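Descriptive structure summary
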Amino acid sequence: MAISRRDFLNGVAITVTAGMTPWQALQASPQTATQTLYYPPSLTGLRGNHQGSYEAAHLLGREGKKVDPSSLPIEGEFDLVIVGAGISGLAAACFWQEQHGKQQRILLLDNHDDFGGHAKRNEFHVEDKTILGYGGSESFQSPRTNFSPVAMGLLKTLDVDIERMAKDFDQTFYPDLHLSRGVYFDRKNFGVDKIVSGDPGRAVADDIPPERLNGRDISDFISDFPLSEADRKTLIALHTESKDYLAGMSKEQKIEWVDSHSYTQFLREKVGLSEIAIRYFQQRTNDFQAVGIDATSCSDARICALPGLEGMGLPPLDAESLADLDEPYIFHFPDGNAGLARLMVRHLIPEVAPGSTMDDVVLAKFDYSQLDREGAPVRLRLNSTGMHVENIEHQGKPAVEVTYMTGSKLHRVRAGQAVMAGYNMMIPYLVPEMAEEQKAALKENVKAPLVYSKVVIRNWQPFIKLGVHEIYSPAAPYSRVKLDYPVNMGGYQHPRDPNQPIGLHMVYVPTLPGSGLSPREQSRKGRALLLGTSFDAHEKMIREQLQGMFGEAGFDHQRDIMAITVNRWSHGYSYFLSGMFDDEAEAQKTIQRARQPVGRITIANSDADWSPYANSAIDQAWRAVNELTAMKKVNA
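Note that residues are indexed from 1 along each chain, following the sequence as it is written. Per-residue local features of the predicted model are confined to residues with pLDDT of at least 70, and side-chain atom pairs are confined, for both listing and counting, to 80 or more; whole-chain, interface and lining totals are unaffected and use all residues. Hydrogens are left out, water is left out, and the side-chain values use all remaining heavy atoms of the structure.

This brings us to the overall build of the chain. Secondary structure follows DSSP: runs of H or I at least 4 residues long count as helices, runs of E at least 2 residues long count as strands, and numbering of each begins at the N terminus. Scanning the chain for helices and strands turns up 25 helices and 19 strands. Note that the radius of gyration is over C-alpha atoms, with the globule rule given as 2.2 Å times the number of residues to the power 0.38. Computed over C-alpha atoms, the radius of gyration of the chain comes to 24 Å, within 12% of the 26 Å expected from 2.2 N^0.38 for 636 residues, which places it in the range of a compact globule. Summarising its shape, the C-alpha atoms of the chain cover approximately 80 × 60 × 45 Å along the three principal directions. Each residue is assigned to one of three classes by its accessible area relative to the maximum for its type, calculated with a 1.4 Å probe on protein chains only: buried under 20%, partly exposed between the two thresholds, exposed over 50%. Taken across its 636 residues, the chain has 60% of its residues classed as buried.

Now the structure itself:
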């Protein structure tokens, strides 16, 4: 039985008409008497880059339409307009207030029906229980080591204590249940549906203490793989033997080789694995790199703790990469970094929810009608896509005009300055006065597509029976399937009873294995694939994979799946440096060239640093705001 083709909003089912945003559908619905029902976190179905969030932008980028705002009236005057209300845009608003006062008039625009950008809150209500999940930006990555003083300062302002967050994460919850990580070999690619439990390998961004993995001896683990005896032996040797596969090369030659060759090439040419044995590793890098091992350099494979590269006398990893391997991945709100976004929104617009701490925001029900109140110093306008931003002169002083589209209607506002905090690759279309060289640099940041699906299941006894809490899939569509993080915070209790419902986190990255294409090229093709895939197709994919994985343990997808939210990010991770396809020195020049201010328009977002992390988004917001502040002082 398929899940109804309906989205659920505060318990009220509203059929979303084709071409309408959930907000437009809600306004059109006779069931809705007030705007207080508008609560996007409870929507299920196709989320992320949902229908209605990207069509206006595609008019500019794909169809080459031009916007002439000259005949539009000015509908509002602001001190600052921020295009993009994700982590970077919200942080920019916080920093601007901090520097210039809370009386400053700030307008934030976002094309989605919810704020936070990739920091997406998924909220489920099943059997009188609330289950929270994250539909995008997940956790703080190595904050003890890699967060700047600026990022840590913002967290302090918002009452975020990373050490208290660490205590709220029950690291040994799954190990105490004798669960481990496992690998799923699917019937289509390996001839059988089989989960092998007891994976002893370390992982990048690992939340489980290394001594509590419940892993088996690596030889015993691999001996259960449904592969030939020869392939199992070569895999065991790769994991257990310390060998210099680049013997005869100097250290400099080795560094050049691992930078310029893929991990697939290494396994094929230097280790001598068969194609089926290589396939075992194909999607190991999907979640962290957003691309398979055929487009991941050996240098980046080291960052992901893949085997065979330890015995070649290579230099130690840099401090940031070491932190990602060694620092526990436990700095997590129950709704992921949506918790951070909600804290910033409440800081900017206190009327949206009561409270003032990182704990009381977890279960706070936000009043979305307060986001865009007439006369409020900070206004956050959803379902509004930036279409044209230009520097102008108004009453003898420099200013900025911003044109945006809500539904099918264009609007124009004026501000003292603007921050572009959305996808950097869109900025050339929004700011046509920009120099062609800068436009070209911005377009180099081709974001990676990915899907975070959240599936609420009736109980998790199948995981208990198979002895796993997280599963890697070498070839099935979803490369990662895991029980949600065990976080208890702010009155929210993580599901603890295997007989009760729980949320699954599932990761799908539309890559093109064996194509020989670069990450940028794979991302472009993967994005087209995602945007052309219906929710029906996503649901079928999810059901078939979960049934194949857990059917032998009594799982029945028709009976046991209670809700599905597919967070589709056709523009997901920011592009980051690839040793195989980028020259590092030239890439740094491109990054600097891309984020230069254009008059009174500055550029933020983690894209501006080629770094898909929340702390990078914050740091880039700080830089952008300080550029504007410097301009403001000059023109004072």
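Read on for the rest.
Moving on to helix α5 (residues 149–157). Turning to α5, its buried residues number three or more, namely A151, L154 and L155. Seen end-on, α5 carries its buried residues on one side only, within an arc spanning 100°. Of the exposed residues in α5, the ones pointing more than 90 degrees away from its buried face are P149 and K156. In the segment just after α5, D159 is the residue with positive phi, at about 65°. Note: the arc covers the axis-to-C-beta directions of the helix.

The next point concerns the pairing of strand β14 (residues 448–457). Along a regular strand, successive side chains alternate from one face of the sheet to the other. Burial runs high along β14: 10 of the 10 residues are buried. Going residue by residue along β14, you find A448, L450, Y452, K454 and V456 tucked away on one face and P449, V451, S453, V455 and I457 tucked away on the opposite face as well. Across 9 bridges, the pairing between β14 and strand β18 (residues 561–573) is antiparallel. Within β18, the position partnered with L450 by the bridge is W569. Strand pairing requires that DSSP identify at least two bridges connecting the strands.

Within the fold, N337 resides in the loop between α16 (319–326) and α17 (338–348). Here, two residues are considered to be in contact whenever any of their heavy atoms come within 4.5 Å of each other. Once residues lying within four places of it in the same chain are set aside, the contact partners of N337 are I87, A119, S137, E138, S139, F140 and A614.

The next point concerns helix α21 (residues 519–531). Multiplying 1.5 Å by the helix residue count minus one yields the expected span of that helix. For α21, with 13 residues, the first-to-last C-alpha span of 18 Å sits near the 18 Å given by 1.5 Å per residue. If you check which residues of α21 are buried, you get P519, R520, Q522, S523, G526, R527, L530 and L531. Along α21, the residues classed as buried sweep out an arc of 155° about the axis, all on the same side. Among the structural elements, α2 (55–61), β14, β17 (502–508), α22 (535–550) and β18 are those in contact with the buried residues of α21.

Turning our attention to the packing of aromatic side chains. Stacked, tilted and edge-to-face pairs are distinguished by plane angle, under 30 degrees for stacked and over 60 for edge-to-face with tilted covering the rest, among Phe, Tyr and Trp rings (Trp via its six-membered ring) whose centres lie within 6.5 Å. Within the structure shown, the criterion is met by 28 aromatic pairs. Measuring from centroid to centroid gives 5.7 Å for Y38 and Y368, while their planes differ by 85°, and the two rings are edge-to-face. Residue Y38 is located in the loop between α1 (22–28) and β3 (45–48), and its partner Y368 is located in the loop between α17 and β10 (378–381); the two are separated by 330 residues in the primary sequence. Judged by relative accessible area, which is 6%, Y38 ranks as buried. Seen from their ring centres, Y134 and Y485 are 6.0 Å apart, and the 20° between their planes marks the pair as stacked. One end of the pair, Y134, is in strand β7 (residues 129–134); the other, Y485, is in the loop between β16 (478–483) and β17, and 351 residues separate them in sequence.

With that settled, the discussion passes to the nonpolar core. By nonpolar core we mean a set of buried residues, namely Ala, Val, Leu, Ile, Met, Phe, Trp, Tyr and Cys, connected to one another through side-chain atoms within 4.5 Å. By size, the foremost hydrophobic cluster in this structure holds 84 residues, and its most contacted members are F140, F366 and L380. When residues no more than four places from it in sequence are discounted, the contact partners of L380 are A85, L90, L108, F115, V345, I349, L371 and D372. The next biggest cluster of nonpolar side chains, apart from the first, holds 39 residues, and it includes V196, L238, V258 and L267.

Attention now moves to the confidence of the model for the chain. Summing up the model confidence of the chain, the mean pLDDT is 93 and the portion of residues at 70 or higher is 94%. Counting interchain partners and residues more than four positions distant, the pLDDT-below-50 stretch residues 1–36 has 70 contacts. Every residue gets a pLDDT, meaning the predictor's confidence in that residue, from 0 to 100.

Right, let's get into the sheet that holds β17. Within the open sheet, the 8 strands sit side by side as β3-β18-β14-β17-β16-β15-β8-β9. Their pairing is mixed. Every interior strand has two partners, whereas the edge strands, β3 and β9 (194–197), have only one. Put simply, the sheet's adjacent strands are angled 25° from each other on average, direction ignored. An axis is simply a line fitted to the C-alpha atoms; with a helix, the fit covers only the stretch in contact. Between two such axes, the angle follows the N-to-C directions and lies from 0 to 180 degrees. Against the sheet, α22 engages β3, β8 (180–185), β9, β14, β15 (468–472), β16, β17 and β18, with an angle of about 115° to β18.

This paragraph deals with the pattern of salt bridges. Each reported salt bridge corresponds to a side-chain nitrogen of Lys or Arg within 4 Å of a carboxyl oxygen of Asp or Glu. In total, this model carries 43 salt bridges according to the counting rule given. Residue D372 pairs with R381 through a salt bridge whose shortest N-O separation is 2.7 Å. Using a relative accessible area of 15% as the deciding quantity, one classes R381 as buried. In the salt-bridge network here, residues are joined through shared partners; they are R181, D206, D207, D287, E470 and R480.

As a further point, take the side chain of S142. Residue position: S142 is located in the loop between β7 and α4 (143–146). The exposure class assigned to S142 is buried, which follows from its relative accessible area of 3%. Those residues within four positions of S142 in sequence are excluded, and the remaining contacts are F147, A323, D324 and E327.

Below, the discussion takes up the environment of V345. For V345, the position within the fold is in helix α17. For the pair V345 and R623, spaced 278 residues apart in sequence, the C-alpha separation works out to 20 Å. With residues up to four places along the chain from it excluded, the contact list for V345 reads L90, F115, V352, F366, L371 and L380.

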